[in-house]
Amino acid sequence: MKRREVETGVIPKLTTFDFESQTQRVKFVTTLEIKPGVSCDAYEFEGDNSKDLAIVTVAPNAATPLQRVLLGERTIEGYFSGKGSLTIAKPSGEKEVHEVGDSPEPFSVTIAVGELMQWQAAADSALVFSEVCYPPYQEGRFENLPDE
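So, a few notes on the structure that sits alongside this text. Each chain has its residues counted from 1, running along the sequence as written. Restriction of local features to residues with pLDDT of at least 70 applies here, the model being predicted, together with a cutoff of 80 or more for giving and counting side-chain atom pairs; totals for whole chains, interfaces and linings are based on all residues. Side-chain metrics rest on all non-hydrogen atoms present in the structure, leaving aside hydrogens and water.

## Side note on the overall build of the chain
Alright, step 1. A run of H or I in DSSP becomes a helix once it reaches four residues, and a run of E becomes a strand once it reaches two; helices and strands are each numbered from the N terminus. When helices and strands are tallied, the chain shows one helix and twelve strands.
Alright, step 2. Listed by position from the N terminus, the elements making up the chain come as α-β-β-β-β-β-β-β-β-β-β-β-β.
Alright, step 3. Three labels apply to residues, based on accessible area from a 1.4 Å probe with only protein chains included: buried if under 20% of the type maximum, exposed if over 50%, partly exposed otherwise in between. Burial statistics for the chain: of 148 residues in total, 43% are counted as buried.
Alright, step 4. Pairs at least 24 residues apart make up 66% of the contacts formed inside the chain by residues separated by at least 6 positions.
Alright, step 5. Here, Shrake-Rupley sampling with a 1.4 Å probe gives the accessible areas, and only protein chains in the shown set may cover a residue. For the chain, the exposed surface amounts to about 8200 Å²; the carbon and sulfur share of it is 50%. Two residues form a contact once any of their heavy atoms are found within 4.5 Å.

## Let's talk about the sheet that holds strand 9 (residues 108–111)
Alright, step 1. The pairing criterion for strands is at least two bridges between them, as found by DSSP. What the seven strands build is an open sheet, ordered 1-2-3-4-11-6-9; its pairing is antiparallel. The open sheet terminates on both sides in strands that have one partner only, identified here as strand 1 (16–19) and strand 9. Each neighbouring strand pair of the sheet contributes to a mean axis angle of 35°, computed without reference to strand direction.
Alright, step 2. Here eight bridges tie strand 3 (residues 38–45) to strand 4 (residues 48–58), and the two strands are oriented antiparallel to one another. Between N-to-C directions, angles span 0 to 180 degrees; the directions come from axes that are lines fitted to C-alpha atoms, helices contributing only their stretch in contact.

## Description of the sheet that holds strand 7 (residues 84–89)
Alright, step 1. Across the sheet, five strands lie side by side as 8-7-10-5-12; this open sheet has antiparallel pairing. What marks the edges here is a single partner per strand, and that holds for strand 8 (95–100) and strand 12 (142–145). Pairs of neighbouring strands in the sheet enclose a mean axial angle of 25°, with direction left out of account.
Alright, step 2. As paired strands, strand 5 (residues 66–69) and strand 12 are joined by four bridges and run antiparallel to one another. Considered in strand 12, the bridge of Val 69 is made with Phe 142.

## Comments concerning the pairing of strand 4
Alright, step 1. By the criterion of burial, strand 4 is predominantly enclosed, with eight of the eleven residues buried.
Alright, step 2. Between the end of strand 3 and the start of strand 4, which pair antiparallel, lie two residues, with Gly 47 showing a positive phi angle near 75°.
Alright, step 3. The sheet contact formed by strand 4 and strand 11 (residues 127–134) spans seven bridges and is antiparallel. Bridging across to strand 11, Thr 57 finds its partner in Val 128.

## Side note on the packing of aromatic side chains
Alright, step 1. Two rings belonging to Phe, Tyr or Trp (six-membered ring only in the last case) form a pair when the distance between their centres is within 6.5 Å. Interplanar angles under 30 degrees mark stacking, angles over 60 mark edge-to-face geometry, and anything in between is tilted. In this structure the tally under the stated criterion is seven aromatic pairs.
Alright, step 2. Aromatic side chains Phe 19 and Tyr 134 sit 6.3 Å apart centroid to centroid with 35° between the ring planes, which places their arrangement in the tilted category. Placement of the pair is Phe 19 in strand 1 and Tyr 134 in strand 11, with a sequence separation of 115 residues.
Alright, step 3. Under the relative-accessibility criterion, Tyr 134 is labelled buried at 13%.
Alright, step 4. Centre to centre, the rings of Trp 119 and Phe 129 are 4.3 Å apart; their planes meet at 10°, and the pair counts as stacked. Taken together, the residues Trp 119 in strand 10 (residues 116–121) and Phe 129 in strand 11 connect sequence positions ten residues apart.

As structure tokens, this is what we get:
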């Protein structure tokens, strides 16, 4: 991937995606604007309707909505490119902050039903992350909350 793509968050459409130690074919479906500064490319896994994929681009200094996971068997958030952080708040009030972008190590985490999550891009870099949903995303999976 070219440095300019990472800086601007302009990611070419994918045809494959590496997930759980396998390269899987994906098909682009649509691009959605989540909010100003946050866009989402939605994909289907070819031959596998048990899950779907979103590649989310967050502009420099922007953040995704603060979301509570309400539904789903598994919601897997993964770092793709750029710099920023993922904050996860457990129902107990415990918070985890995962800084991404300085390590070449892949990063992914499963968000449980009831947990809150929010991605934040660094001031000097767009942030791109993946989200795999089992079963595929449908309205009502996440609840958008006011930022804390």
